[in-house]
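One-letter residues, chain by chain:
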Amino acid sequence: MAKLKAVHYINQFFAQIGGEEKADYPAELRVGEVVGPGLAFKQAFGDELEIVATIVCGDSYFNENLDKAKADILAMVKEQAPDVFIAGPAFNAGRYGVACGTICDCVQQELGIPAVTGMYIENPGADMFKAEVLTVATKNSAAGMKDAVAKMAPLALKLAKKEEIGVSSQEGYMPNGIRKNFFEDERGSKRAVNMLLAKLAGKPYTTEYPMPDFDRVDPVPAIKDLAHATIALVTSGGIVPKGNPDHIESSSASRYGEYDIDGVDDLTEETYETAHGGYDPVYANEDADRVLPVDVLRDMEKEGKIGKLYHNFYTTTGNGTAVASAKAFAEEFSKKLVADKVDAVILTST
Amino acid sequence: MVKEIERAGIPVVHVCTVTPISMTVGANRIVPAIAIPYPLGNPSLDKVEEKELRRGIVEKALEALTTEVDGQTIFE
């Protein structure tokens, strides 16, 4: 059987052409050459897979001449007709990572040739392409070359041989959202207790259900003059005018509502209700002030305790709603709050 | 939503019952509420008492908004 073929993509730095000053180096095909990190791959592939060509391209050139670079590189890869395409590893070099992800995605889609790359988890190319392209998690500098090649080479071989790729935790690529079913040796209760014991003993353990990463925002300074402050109400408790005029979904909301409460002193059973499908709605439907305290804030406005209650409130159902959606809703209405000089927000959740 | 409001530069207080969720999400000013279906109420009280209860929570929320915080703070 003929040896399987690979084409390797690297940037100007790893081709030892130069650093930043050579980043505008146009795409170049070197047939029969194994360059830089390619030597480590060559060693790992042994007799099974051969790097038949190396493509070198400057990072700035690729990203600034995206269409031309993509077209040129695709033509080069097509000409070589490899069994697998390898890019990088790019470690934490942002433009290089984006280039690796972009070209791997392109090669897979346009030429139907499987591809693998590698980069540091925080490389912007990782977030952009890890769902589409097998992307090995590497260290953040070229000091991690050995580890990176040790994970990328077996994947490249499997892809070239059209073998099945295992789960991300074993193969070392970044989770791409594709679930693999398999039988565990031990049942769930035992695994859970073992994890708990390890945690209590301060020993390392690996969760089977990692929590999403939540970013943090520093607190904004407090308001100084409450008696003249404009306060806005926001809720994830789904309070809406009776009849839910904008049809906000009872769960996994795709939208939020903006409702004028000018002249409204009290939310009543006849005028407001909740659209939220994740809690018993009886109490909120009876008296929506239990979720959105308009009545109390109106009293305080009259007493001069606060300057005024902002004339709109913003609402959605927090039930199963994607973090990305909630973020987008609040980004949008916060602009209005800022434009209207709202001093502070009370956000209520159920 | 709390974080995006704060990111926009507006101080925000999160009134919620399950404060650990609020901590995880990243609210900086947190005021505990009564119960999930009625965070600012209690149907077992009469209307006057219930409104007083709600007023107390809102006053606590306003106190949080007028208090400088260093990091995530629960105003009990």
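Worth saying up front: this structure is predicted, and the values here are computed from it rather than measured.

**Some details on the overall build of chain B**
Phase 1: In terms of helices and strands, chain B carries three helices and three strands.
Phase 2: If you list the helices and strands of chain B from N to C, you get α-β-α-β-α-β.
Phase 3: Here chain B, with 76 residues, has 45% of them falling under the buried criterion.
Phase 4: Considering only intrachain contacts with a sequence separation of at least 6, the fraction spanning at least 24 residues in chain B is 43%.

**Considering the environment of glycine 32 of chain A**
Phase 1: Its place among the elements puts glycine 32 of chain A in the loop between β2 (28-31) and α1 (38-45).
Phase 2: Sequence-wise, glycine 32 of chain A and isoleucine 51 of chain A are 19 residues apart; in three dimensions their C-alpha atoms are separated by 7.5 Å.

**Examining the pairing of strand β1 (residues 12-16) of chain B**
Phase 1: Burial of β1 of chain B is extensive: five of the five residues sit out of reach of the surface.
Phase 2: The alternating pattern of β1 of chain B places Val12, His14 and Cys16 of chain B on one face and Val13 and Val15 of chain B on the opposite face, and all of these are buried.
Phase 3: The pairing of strand β12 (residues 344-348) of chain A with β1 of chain B spans four bridges and is classified as parallel. Bridging from a neighbouring strand, leucine 347 of chain A pairs with histidine 14 of chain B of β1 of chain B.
Phase 4: Summarising the sheet, β1 of chain B and strand β2 (residues 29-32) of chain B pair through four bridges and their orientation is parallel. If you follow histidine 14 of chain B over to β2 of chain B, its bridge partner there is isoleucine 30 of chain B.
Phase 5: Each parallel crossover has a hand, and for β1 of chain B linked through helix α2 (residues 19-25) of chain B to β2 of chain B it is right-handed.

**Topic: helix α10 (residues 294-302) of chain A**
Phase 1: Listed as buried for α10 of chain A are Val294, Asp295, Val296, Leu297 and Met300 of chain A.
Phase 2: Contacts made by the buried residues of α10 of chain A are with β7 (230-235) and β11 (308-315) of chain A together with α3 (47-65) of chain B.
Phase 3: Positive backbone phi, at 80°, marks glycine 304 of chain A, one or two positions downstream of α10 of chain A.

**Brief notes about the confidence of the model for chain B**
Phase 1: On average, residues of chain B score 95 in pLDDT, and 100% of them are at 70 or above.
Phase 2: Among the prediction metrics, the complex's ipTM stands at 0.98, with pTM recorded as 0.59.

**Some points on the nonpolar core**
Phase 1: Counting 60 residues, the largest nonpolar core has Val345 of chain A together with Val15 and Ala61 of chain B as its most contacted members.
Phase 2: Of the residues forming this core, the biggest block, six residues, is contributed by α3 of chain B.
Phase 3: With sequence-adjacent residues up to four places away left out, valine 15 of chain B is seen in contact with Ile346, Leu347 and Thr348 of chain A together with Val31, Ala33, Pro39, Leu40, Ile57 and Ala61 of chain B.
Phase 4: Counting 58 residues, the second-largest nonpolar core is a separate cluster that includes Tyr61, Ala69, Ala87 and Val149 of chain A.

**Some points on the interface of chain A and chain B**
Phase 1: On the chain B side, the residues contacting the 41 residues of chain A number 39 residues.
Phase 2: Elements that contribute at least two residues to the side of chain A that touches chain B include exactly α9 (282-286), α10, α11 (323-339) and β12 of chain A.
Phase 3: With eight residues, α11 of chain A is the largest single contributor of residues to the side of chain A that touches chain B.
Phase 4: Classifying every residue of the side of chain A that touches chain B gives 27 nonpolar, five polar and nine charged.

**Some points on the sheet that holds strand β9 (residues 257-260) of chain A**
The pairing of strands in a sheet happens through backbone hydrogen bonds and is either parallel or antiparallel.
Phase 1: Reading across the sheet, the seven strands line up as β9(A)-β11(A)-β7(A)-β12(A)-β1(B)-β2(B)-β3(B) and stay open at both edges, with mixed pairing between neighbours. The open sheet terminates on both sides in strands that have one partner only, identified here as β9 of chain A together with β3 (73-74) of chain B.
Phase 2: As paired elements, β2 of chain B and β3 of chain B share two bridges and run parallel to each other. Within β3 of chain B, the residue paired with arginine 29 of chain B across the bridge is threonine 73 of chain B.
Phase 3: Along the sheet, α10 of chain A contacts β7 and β11 of chain A; its crossing angle with β11 of chain A, the most-contacted strand, is approximately 160°.

**With respect to the packing of α10 of chain A against α3 of chain B**
Phase 1: Relative orientation of the contacting elements α10 of chain A and α3 of chain B amounts to 70°, with a least axis distance of 9 Å. Classified by the angle their axes make, α10 of chain A and α3 of chain B are roughly perpendicular. The residues of α3 of chain B that touch α10 of chain A, namely those facing Asp295, Val296 and Leu297 of chain A, are Lys51, Arg54, Arg55 and Val58 of chain B.
Phase 2: In the contact of α10 of chain A with α3 of chain B, the residues fall into three nonpolar, no polar and four charged.

**Considering helix α8 (residues 188-200) of chain A**
All names here are of chain A.
Phase 1: For α8, spanning 13 residues, the distance from its first C-alpha to its last is 18 Å, which sits close to the expected 18 Å at 1.5 Å a residue.
Phase 2: Burial within α8 is sparse, with just zero of its 13 residues counted as buried.
Phase 3: Trailing α8 by a residue or two, glycine 202 shows a phi angle of about 70°, which is positive.

**Quick look at the sheet that holds strand β1 (residues 4-11) of chain A**
Residue and element names in this part refer to chain A.
Phase 1: Here we have six strands laid out as an open sheet, ordered β2-β3-β1-β4-β5-β6, and mixed in their pairing. Every interior strand has two partners, whereas the edge strands, β2 and β6 (134-138), have only one. This sheet shows a mean twist of 25° between the axes of neighbouring strands, independent of strand direction.

Conventions used here
- Residues numbered from 1 in each chain as written.
- Chains lettered and ligands numbered in written order.
- Predicted model: local features only at pLDDT ≥ 70, side-chain atom pairs only at ≥ 80, totals over all residues.
- Helix = DSSP H or I, 4+ residues; strand = E, 2+ residues; numbered from the N terminus.
- Buried ≥ 20, exposed ≤ 12 C-beta atoms within 10 Å, placed from the backbone.
- Contact = placed C-beta atoms within 7 Å.
- Pairing = 2+ DSSP bridges.
- Right-handed = clockwise from strand over helix to strand, strands pointing away.
- pLDDT = per-residue confidence, 0-100.
- Core = buried A, V, L, I, M, F, W, Y, C linked by C-beta atoms within 7 Å.
- Nonpolar A, V, L, I, M, F, W, Y, C, P; charged D, E, K, R; others polar.
- Axes fitted to C-alpha atoms, helices over the stretch in contact; angles between N-to-C directions.
- Parallel < 35°, antiparallel > 145°, perpendicular 65-115°, else oblique.
- Expected span 1.5 Å × (residues − 1).

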